[in-house]
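# Remarks on the overall topology
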Amino acid sequence: MASLSVKPGQRFTLPDWQNNSLLISADAEQQRYNSHHIRQEGRALRNETGNQARWDEHNNRTRLNDRITSVDRWREALARCLTDIDLEIDALTKVKEAAENALQAKNLCLDVAIECLTFRESRRDIDVVRDPVEEELLREVKVIEKTKKELQQRVDDAFKQLCLLKEARQQLSCDHRHKVETLELDRQCVSFNVTSGNISFKVNPTRIPDGTTALREWELNSQCNKERAEAEMRASVDLRGAITLAIAQTNNELDAQRIATEFALRKRIRDMEGALSELRWQEQNTLEEIAEMEEEIRQLEEDLRKRTLDLKVAHTRLETRTYRPHIELCRDQAQYGLTDEVQQLEGTIRALQQKRTESQDALDALYRQLHRIQTDIGYKTNSLQLDNKCMDTRRKLVIPVEKFEPEVDAVNRTRNLPRNSQLEL
């Protein structure tokens, strides 16, 4: 007979089976509850983190835009300051060049004054005097040297100020360039979004780079650069005014001294021409007196010759009458008359000889005086030529050098040479 096979193992009761179903249902409900709770928390977290991320990104974008605005404002301020300092550098450079040109022009004035002094060193004998012209020329040399020293100091000050301006400009330019680069980087940061192709994870992005400065330090650096540039520009403006004033003052001083020198030189030339006129008048009168004295000496010698002949006649008569014979050799009136005539003629001849000697001495003195006059005319003619040469040389101060044509002969370096007779003895 067939037998029922029974599987070995534990057998659960119906309550166990019901409890197991209830347990599974309870666990399912619990898991669904837990899952629902987690889903709610996840949804809340997603909403919260999404909102936080959007607000953070918005706030940081706003901060970046504010930072861009702040940096751009400083960039514009530095750019304006750079423009102003470039204009000031150009203005100071032009004033410096004007001072250098004025300084260079003083070299011509100094050369002219020294050349005039050198010319006047060629004066001779009594004309080598310390006259007002020489004093004014020496004073002019001192004024020129003083003005050159002042202008050179101003040029040196301008050079130093230009160095300071360029140094301040270099700092401004560097700061301005850095701000331009910063603006480019920050604007690039503003342009980044989740769809940008060049975003990626970076190694330690929150690190603080070396050389990082505080915001206050950043502001102070730009402020200091701007204030220093403005201070240097103010100093440059003051220096430009001082240089312009110095150029005007030195030109005025030199013009006044030049006028005084030329006034003294013209007066000296007039005095020299007056002295030459007087000397030539004296020369002419002396020549006339010499001619009259020579004629007088000639007449004295003629009279002396005649009186000598008369004396010979009287001597011959007296000698001849000594040969009268015997009683005829008497001292008659004729004898007395001839004797008186001889004595009278001898006295006359002595007087004429004395007068001829005096006249010859006077003639020699006239010749010596004529030599002295003509020598002095030569000295004064030379001095007048030198002073006229000085006046001609000083035309360089008012006529451009390229247009200057000396009135003095370039070879002989003389003007209005005196006649040969004026220099002969």
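Under an unreviewed UniProt entry, the name given to the chain is Tektin, and the source organism is Cnemophilus loriae. As recorded by UniProt, the Sequence similarities (unreviewed entry) comment attached to the chain reads in full: "Belongs to the tektin family." Taken directly from UniProt, the Subcellular location (unreviewed entry) text for the chain runs: "Cytoplasm, Cytoskeleton, Cilium axoneme".

### Points about the overall build of the chain
Broken down by element type, the chain carries five helices and zero strands. Taken from N to C terminus, the helices and strands of the chain fall in the order α-α-α-α-α. Rg of the C-alpha trace for the chain: 62 Å, well past the compact-globule value of 22 Å for 425 residues, more than 25% over. Taking all 425 residues of the chain together, the buried fraction comes to 30%. When contacts within the chain are restricted to residue pairs at least 6 apart in sequence, long-range pairs at least 24 apart make up 88% of them. Of the roughly 28,700 Å² of accessible surface on the chain, a fraction of 54% belongs to carbon and sulfur atoms.

### Regarding the side chain of glutamate 232
In this fold, glutamate 232 is placed in helix 3 (residues 215-321). At 4.3 Å, arginine 228 is the nearest oppositely charged side chain to glutamate 232, a buried residue that forms no salt bridge.

### Quick notes on the packing of helix 1 (residues 14-120) against helix 4 (residues 333-393)
The geometry of helix 1 relative to helix 4 is characterised by a closest axis approach of 9 Å and an angle of 170° between their N-to-C directions. Here helix 4 runs roughly antiparallel to helix 1, going by the angle between their axes. Packed against helix 1, whose contacting residues are Val112, Glu115, Cys116, Phe119 and Arg120, the element helix 4 presents Leu386, Asp387, Lys389, Cys390 and Thr393 at the interface. Residues belonging to the contact of helix 1 with helix 4 are distributed by class as follows: five nonpolar, one polar and four charged.

### Observations concerning the packing of aromatic side chains
This model, assessed by the stated rule, comprises zero aromatic pairs. Its end group placed over the ring of tryptophan 218, arginine 67 keeps NZ or CZ at 3.8 Å from the ring centre. Note that lysine 389 overlies the ring of phenylalanine 119, its terminal NZ or CZ placed 5.0 Å from the centroid.

### Considerations on unusual backbone geometry
At aspartate 125, a residue that is not glycine, the phi angle is positive and equals roughly 55°. With respect to the secondary-structure elements, aspartate 125 resides in the loop between helix 1 and helix 2 (132-191). The exposure class of aspartate 125 is exposed, given its relative accessible area of 55%.

Definitions and cut-offs
Within every chain, residues take consecutive numbers counted from 1 along the sequence as written. Local features in this predicted model are restricted to residues of pLDDT 70 or higher, and side-chain atom pairs are both shown and tallied only at a pLDDT of 80 or more, whereas totals for entire chains, interfaces and linings draw on every residue. Note that water and hydrogens are dropped before the side-chain values are worked out from all heavy atoms of the structure. UniProt positions are given in the numbering used here, feature names are shortened, and annotations may be inferred rather than shown by experiment. Numbered from the N terminus, helices here are DSSP runs of H or I no shorter than four residues, and strands are runs of E no shorter than two. Here the radius of gyration uses the C-alpha set of atoms, whereas the globule reference equals 2.2 Å times the residue count to the power 0.38. We call a residue buried when its accessible area falls under 20% of the maximum for its residue type, exposed when it is over 50%, and partly exposed in between, using a 1.4 Å probe and counting protein chains only. In what follows, a contact means two residues having at least one pair of non-hydrogen atoms within 4.5 Å. Values of accessible area rely on a 1.4 Å probe in the Shrake-Rupley scheme; residue burial ignores everything except the protein chains shown. For the charge count, each Lys or Arg is scored as positive and each Asp or Glu as negative, with His and the chain ends excluded. In the sections that follow, a salt bridge refers to a side-chain nitrogen of Lys or Arg positioned within 4 Å of a carboxyl oxygen of Asp or Glu. Simply put, an axis is a line fit to the C-alpha atoms, just over the touching stretch for a helix, and the angle between two N-to-C directions goes from 0 to 180 degrees. In what follows, roughly perpendicular refers to angles from 65 to 115 degrees, roughly parallel to angles under 35, roughly antiparallel to angles over 145, and oblique to any angle outside these ranges. Each residue gets one of three labels, nonpolar for Ala, Val, Leu, Ile, Met, Phe, Trp, Tyr, Cys and Pro, charged for Asp, Glu, Lys and Arg, and polar for the others, Gly among them. Paired rings are identified among Phe, Tyr and Trp, the last through its six-membered ring, by centres lying within 6.5 Å, and are further divided according to the angle between planes into stacked (under 30 degrees), edge-to-face (over 60) and tilted (the rest). Only when the NZ atom of a Lys or the CZ atom of an Arg is both within 6 Å of the ring centre and within 35 degrees of the ring normal do we say a charge sits over the ring.

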